[in-house]
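Working through the structure, step by step
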Amino acid sequence: MADVVLGIETSCDETSAAVLVGGRGVRSPELASLVILSQDVHQVFGGVVPELASRAHLAALPRVVDRALAEAGLGWSAVDAVAVTAGPGLVGALLVGVVYAKALAYTGGRALIGVNHLEGHLFAPAVEDPELGPPFVALLVSGGHTLLLDVPVWGRYRLLGATRDDAAGEAFDKVATLLGLGYPGGPEIERIAKHGDPARYTLPRPMRDEGFEFSFSGLKTSVLHAVRASGDLARDRPHLARGFQDAVLDVLVTKLERAVRATGYPTAVLGGGVACSRTLAALAAERLKGLARVAVASPRLNADNAAMIARAGWYRLGLGERSDWTLDARADLPLPGLEWPASPAHTPHPTSP
Amino acid sequence: MSAPWLAIDTATDLASVAVGAPPGAQSGAHVQGARRHEIVQLIAFALSPLGLRPADLEGVVLGDGPGSFTGLRIGWAAAKGLVQETGLALRAVPSLMAAAAGAALKLDPVPVAACFDALRGQVYGALYVFHPGHVETLVPPAVMTIPEFADRTSVRPKLVVGDGAMRYPGEVERWSGAAPVPLESLPPLAAMLLAIVTREGAARTIDDVLTAEPVYGRLAEAQVKWEARHGRPLPDSPGASR
């Protein structure tokens, strides 16, 4: 078991490093530092430009790591292992972190572990809450993913449902663009939706009343039609933002509730960038009250960050897993331990809550 | 320089490393582009027969580009990871200079051009003369077509090397009067980095290892379009001057 794990995350547009301190007999390591540098360069594009992201990671990553070590009050000699995001994500951006991490591990004779970004998100709440553990239902919602998982134990992830088209965060970004709002779209829509009338626009709730899968592209099209029909977008913008947000969050929480009822688990975990939405967390807590505890990490641990990568890496290192110098970055890296629904008999019955 | 240096070049489709006391290389290894992410394994492979660890080195010399964006970042990310903890010296030599040196060091001091394929009808090109103690840069690295390259200088190169030269053999022969020389017929670039790193005019010393970037040779396409549309530099862009 590694005592001190340096985590590195470069899968998209956040350059991040974190230090976790654990040790023998420690059930859950403590977060000693977390540094996240957000790349502002993408804002004018309304989305992430992969080449610019990769360049920015190379320019920033060593300084971010230096700062994480300094804030942890530790020197290089204290670091036993390096955990790095190996995918999924932007492959050029991932490669910067993976190769740099390999060089750090090789230079210091350290253990190296490649971590799946999605598994990192599953571990994010456990960084702050050592008691948090399976079994739980997890809803991972970000700009790249929308997944509903049954987690009976760490390392075993039964897929209940995923999006058929746009990820929830991607839909927020696209609708924010339609509404003339900034990037990333989720926080912008949440901010302006506070001033919106929920009754002005009742938008469709795609697939809400069936199963565990998601679809958001039709909802996005509905917003597009409403924008085109609006005679005064400045006036209607907050109402459209409210209508869209209510529709997305209703679908997400309805399916989360359905999964909790189907599994009978006492805990529901929200993870990923969209889980930074206070409105989502509040709605989930309200709808699951008396049914399950809703665990949500603080916003800095729900965004892409290296603390969750270090925590997932710490778990994998504890199992005796190690990566070697051939570790590669993969844009489509599958979640380890992911089990697809084999047959209806093995799938929790998806009844309406 | 009597202590060993590690050389890394990943600007082309052949990633290479070499170890030795400049100008000589005692050990080396290379892989094709698809396996460039294994550069750390390559470094370990080159160091281990000499019984060396990174901390035993005096410094790292790195191919500075221009060339493959992803390739450059792989080499630079590895170098930063090696140097950051150990405090090794870091120097960068233009990858085009290393390619030209592969042909030029066998000759008297004559002008030798190197061209890497930059796609879109262009090459990354530069023109050098290698003197015994120093390297003279006649045309510094730039992105251009072969005719534009020829227009930049009145000097006719004795040889033109590189995959960019091989892509436009007719234009190269009209300019130089000689057939282009493929990279495959030259020594790996990392060995050439060691061969010339001590020559005056060859290397730049990297003082701020943490934030340094390679010479990409081109801005990102999205940045080019944004700046053309807005008539001003892209805000918060990394390496905007490159």
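Residues numbered from 1 in each chain as written. Chains lettered and ligands numbered in written order. Predicted model: local features only at pLDDT ≥ 70, side-chain atom pairs only at ≥ 80, totals over all residues. Heavy atoms only, no water.

The subject of this paragraph is the environment of Thr107 of chain A. With respect to the secondary-structure elements, Thr107 of chain A resides in helix α2 (residues 91-108). Expressed as a C-alpha distance, the spacing of Thr107 of chain A and Gly161 of chain A, which sit 54 residues apart in the sequence, is 42 Å. Not counting chain neighbours up to four residues away, the residues in contact with Thr107 of chain A comprise Arg53, Pro54, Gly81, Leu82, Glu85 and Thr86 of chain B. (Helix = DSSP H or I, 4+ residues; strand = E, 2+ residues; numbered from the N terminus. Contact = heavy atoms within 4.5 Å.)

Residue and element names in this part refer to chain A. A rise of 1.5 Å per residue sets the reference length of helix α7 (residues 233-263), with its 31 residues, at 45 Å; its end C-alpha atoms lie 43 Å apart and thus fit the reference within 8%. A bend of about 25° at His239 is the largest found in α7. Within α7, 23 of the 31 residues are buried, which leaves the element mostly enclosed by the surrounding structure. Here α7 starts with a cap whose side-chain oxygen sits 3.3 Å from the backbone nitrogen of Ala234, and that cap is Asp232. A positive phi of about 75° marks Gly264, the residue just after α7. (Expected span 1.5 Å × (residues − 1). Bend = angle between axes of the 7 residues up to and from the residue. Buried < 20%, exposed > 50% of the residue type's maximum accessible area, 1.4 Å probe, protein only. Polar contact = N/O pair within 3.5 Å; in protein donor to acceptor, adjacent residues only side chain to side chain.)

Attention now moves to the packing of helix α1 (residues 50-72) of chain A against α2 of chain A. Residue and element names in this part refer to chain A. Two elements in contact, α1 and α2, have axes separated by 9 Å at closest approach and are oriented at 30°. Here α1 and α2 pass one another in a crossing that is right-handed. Here Ser54, His57, Leu58, Leu61, Pro62 and Val65 of α1 lie close against α2, whose contacting residues are Gly92, Ala93, Val96, Gly97 and Tyr100. Tallied by class, residues from the contact of α1 with α2 come to seven nonpolar, four polar and no charged. (Axes fitted to C-alpha atoms, helices over the stretch in contact; angles between N-to-C directions. Left-handed = near helix turned anticlockwise from the far one by under 90°. Nonpolar A, V, L, I, M, F, W, Y, C, P; charged D, E, K, R; others polar.)

Turning to the domain arrangement of chain A, a few remarks are in order. Residue and element names in this part refer to chain A. With domains assigned, chain A is organised as domain 1 (4-129 + 301-339) and domain 2 (136-296). For domain 1 and domain 2, the distance between their C-alpha centres works out to 27 Å. On the side of domain 2, 22 residues touch domain 1, which itself brings 23 residues to the contact. Across the domain 1/domain 2 interface, buried area totals approximately 2000 Å², and carbon plus sulfur atoms make up 63% of it. Ranking the residues of domain 1 by area buried against domain 2 places Leu122, Asn302 and Glu339 at the top, with a combined share of 34%. Linking domain 1 with domain 2 are three salt bridges. Where Arg158 meets Glu339, a salt bridge forms, and the shortest distance between an N and an O atom there is 3.8 Å. For the pair domain 1 and domain 2, the number of links is nine residue pairs in polar contact (both at pLDDT 80 or more). Among the secondary structure elements, those contributing two or more residues to the side of domain 1 that touches domain 2 are α3 (117-128), α10 (306-318) and β11 (338-339). When residues of the side of domain 1 that touches domain 2 are assigned to their parent elements, the largest contribution, seven residues, is made by α3. (Domains from an automatic or database assignment. Buried area = accessible area lost by both parts, 1.4 Å probe. Salt bridge = Lys/Arg side-chain N within 4 Å of Asp/Glu carboxyl O.)

The next subject is the interface of chain A and chain B. Contacts between the two partners involve 33 residues from chain A and, on the opposite side, 39 residues from chain B. Of the roughly 3300 Å² buried at the junction of chain A and chain B (both faces included), carbon and sulfur atoms supply 68%. Across the chain A-chain B interface, the total number found is two salt bridges. Among the ionic pairs, Arg110 of chain A bridges to Glu85 of chain B, the shortest N-O distance being 2.9 Å.

Residues and elements named next belong to chain A. Taken as a whole and assessed by the stated rule, the structure comprises one cavity of 30 Å³ or more. A volume near 30 Å³ is recorded for the largest cavity. Lining the largest cavity are Leu118, His121, Leu140, Val141, Ser142, His145, Gly271 and Gly272. Elements with a minimum of two residues in the lining of the largest cavity: α3 and β6 (136-141). (1 Å grid on protein atoms, 1.4 Å probe; cavity = no way out; pocket = protein on both sides within 12 Å on 5 of 7 lines; lining within 4 Å. Points joined across faces, edges and corners; volume = space filled by probe spheres on them.)

Right, let's get into the sheet that holds strand β10 (residues 204-205) of chain B. Residues and elements named next belong to chain B. Taking strand neighbours across the sheet as the criterion, the six strands line up as β3-β2-β1-β4-β5-β10 in an open arrangement whose pairing is mixed. Every other strand in the sheet has two partners, leaving β3 (27-32) and β10 as the edge strands with one partner each. Sheet topology note: the strand β1 (residues 5-9)/strand β2 (residues 14-20) ladder contains five bridges and is antiparallel. Residue Asp9 lies in a different strand from β2, and its bridge partner there is Ser16. Packed on one face of the sheet, helix α1 (residues 39-47) meets β1, β2 and β3 and runs near 30° to β2. (Pairing = 2+ DSSP bridges.)

So, about the nonpolar core. Ranked by size, the top nonpolar core spans 103 residues in total, and within it Ile8 of chain A together with Ile8, Ile39 and Ile43 of chain B carry the most contacts. Looking at this core element by element, the count peaks at 11 residues for α2 of chain A. Grouped together as the second largest cluster of nonpolar side chains are 45 residues, Leu181, Phe212, Leu270 and Ala275 of chain A included. (Core = buried A, V, L, I, M, F, W, Y, C linked by side-chain atoms within 4.5 Å.)

Attention now goes to the side chain of Asp64 of chain B. Residues and elements named next belong to chain B. With respect to the helices, strands and loops of the structure, Asp64 is situated in the loop between β4 (59-63) and α2 (69-86). For Asp64, a relative accessible area of 5% gives the class buried. A polar contact of 2.7 Å, which involves the side chain of Asp64, links it to the side chain of Arg204.

Moving on: the domain arrangement of chain B. Residue and element names in this part refer to chain B. According to the domain assignment, chain B contains domain 1 (5-95 + 187-216) and domain 2 (96-185). Computed over C-alpha atoms, the centres of domain 1 and domain 2 are 22 Å apart. On the domain 2 side, the residues contacting the 20 residues of domain 1 number 19 residues. Of the roughly 1500 Å² buried between domain 1 and domain 2, counting both surfaces, carbon and sulfur atoms make up 70%. There are zero salt bridges connecting domain 1 and domain 2. Across the domain 1-domain 2 interface, the total number found is nine residue pairs in polar contact (both at pLDDT 80 or more). Per-element accounting of the side of domain 1 that touches domain 2 gives the leading share, five residues, to helix α7 (residues 189-196).

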